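Residue-level structural notes
The residues making up each chain are set out below.
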Amino acid sequence: MRATALFVSFAAISMLPTAYAAANEPSANALQTLDQQTRQLNRVHSVVVAYDGEIIHELQQGGPGVASPANIKSLSKTVLAAVTGAAIEAGIVESAEQPMVELFGDHLPSGTGPRVNDITVAHLLALQAGLERTSGGNYGAWVASANWVNDAITRPFVDEPGGRMLYSTGTSHLLSAALTYASGETTHALAQRLLGKPLNITIQPWLRDPQGIYFGGNDMQLSPRALIEVGELYRNDGIVFDEAGNGERVLPEGWVEESWQPRGTSRWTGDGYGYGWFITQLAGEDAFYGRGYGGQALFVIPERDLTVVITSDPNPPSPGGQFQQQLNSLVEGLLTANDE
């Protein structure tokens, strides 16, 4: 575990509540309760808990292991949002308000409607492009199409860009394409250079579309321990520190606060959604989480100095939204038991 959380300045965490600095480490009783509750969920593979930047607890009961890559499914959207922030910090993307078409350049498909010009990077991050969804009942036909980007970008508008949150992996895939065209690198190469290298984690290649664009928002392969580092990066306001205490800004100043502002609402949970993160409260604490099919989850609870990763069996059938509530309950139990 890198020293990502050990040397954060007060300026770096000024956006966080004052209770942040006074959080207590989870007790042995809290961690024991967490294990007991987790063992009742056979689908869960692993749980990793980090407090104040250090992994303090790991439970492995299936899957590839806490140090081995796992398919994180749509939790990839959270990681892709981090890559996008890093691309802004690196000057590859101007800002979240930059129009998508500027990043596409000459790669913009023919047959797009005029409202495509109004879609910004922020709209892609917050799933507010306004285009008909490719997820749900449309997903199979979309991934079977000959050109995923063209299919997603030429779908009819069902809302204005910046309108409702429309959960759609096609929207995230447009973001992956935009990053590829703007940088001249694959999304994988960009992710490893801008995110993997400073966090000292490995991001393996994952699925590509028929044109070679890495799948945006699905099927990334990261270990639970690597996901802890992504969560810690956000908990520490986008800064990573080496063992000597030298800080490197990976995400733009203010990016985390911007990412954790609700821009839409999930129609299934009622939780807010920012730039790749859901926003809720657990045991009375502000909590931010990314989630993926089958029970993949990354939680950051800033006031408790906690980052929690849960991975589960990613294979169909999905246990559905109720299972996510059970994962939320695991974290709530961790927080509640710690208060007793």
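Scroll up for the structure.
I will try to describe carefully the structure that is included in this document.

How each quantity is defined
Residues numbered from 1 in each chain as written. Predicted model: local features only at pLDDT ≥ 70, side-chain atom pairs only at ≥ 80, totals over all residues. Heavy atoms only, no water. Phe/Tyr/Trp six-rings, centres within 6.5 Å; stacked < 30°, edge-to-face > 60°. Buried < 20%, exposed > 50% of the residue type's maximum accessible area, 1.4 Å probe, protein only. Helix = DSSP H or I, 4+ residues; strand = E, 2+ residues; numbered from the N terminus. Expected span 1.5 Å × (residues − 1). Salt bridge = Lys/Arg side-chain N within 4 Å of Asp/Glu carboxyl O. Core = buried A, V, L, I, M, F, W, Y, C linked by side-chain atoms within 4.5 Å.

**Quick look at the packing of aromatic side chains**
Following the criterion strictly, the structure yields 14 aromatic pairs and no others. When the centroid spacing of 4.8 Å and the interplanar angle of 65 degrees are considered together, the rings of Tyr273 and Phe278 count as edge-to-face. Residue Phe278 is classed as buried on the basis of its relative accessible area of 5%. Chaining the aromatic ring pairs together yields one cluster made of Tyr139, Trp142, Trp148 and Phe215.

**Focus on unusual backbone geometry**
Here the amide bond leading from Pro316 into Pro317 is cis, since omega sits at 0 degrees, within 30 degrees of zero. Following the sequence through the fold, Pro317 ends up in the loop between strand 12 (306–312) and helix 11 (321–339). For Asp52, which is not a glycine, the phi torsion comes out positive at approximately 50 degrees. Looking at the element boundaries, Asp52 is found in the loop between strand 1 (44–51) and strand 2 (54–60). Here Asp305, not a glycine, exhibits a phi torsion of approximately 55 degrees, which is positive. In this fold, Asp305 is placed in the loop between strand 11 (296–301) and strand 12.

**Brief notes about the side chain of Ser223**
Structurally, the position occupied by Ser223 is in the loop between strand 4 (221–222) and helix 9 (224–235). Residue classification places Ser223 among the buried positions, given a relative accessible area of 9%.

**A look at helix 2 (residues 76–89)**
Helical periodicity: at 3.6 residues per turn, an α-helix aligns residues three or four positions apart in one direction. Between its first and last C-alpha, helix 2 extends 20 Å over 14 residues, near the 20 Å set by a 1.5 Å rise per residue. Burial runs high along helix 2: 13 of the 14 residues are buried. Among the residues trailing helix 2, Gly91 stands out with phi positive, at a value near 85 degrees.

**Things to note about the pattern of salt bridges**
Enumeration according to the criterion identifies 12 salt bridges in this entry. Linking Asp151 and Arg155 is a salt bridge whose minimum nitrogen-to-oxygen distance equals 2.9 Å. The exposure class assigned to Asp151 is partly exposed, which follows from its relative accessible area of 22%. Among the ionic pairs, Arg235 bridges to Asp305, the shortest N-O distance being 3.8 Å. Of this pair, Arg235 sits in helix 9 while Asp305 sits in the loop between strand 11 and strand 12, placing them 70 residues apart in sequence. By the burial criterion, Arg235 is buried, and Asp305 matches it.

**Some remarks on the nonpolar core**
Counting 71 residues, the largest nonpolar core has Leu174, Leu195, Leu222 and Tyr234 as the members making the most contacts within it. Sorting elements by how many residues they give to this core places helix 2 first, with eight residues. Judged by nonpolar contacts, the second largest core, of 29 residues, contains Leu41, Val49, Phe299 and Val331.

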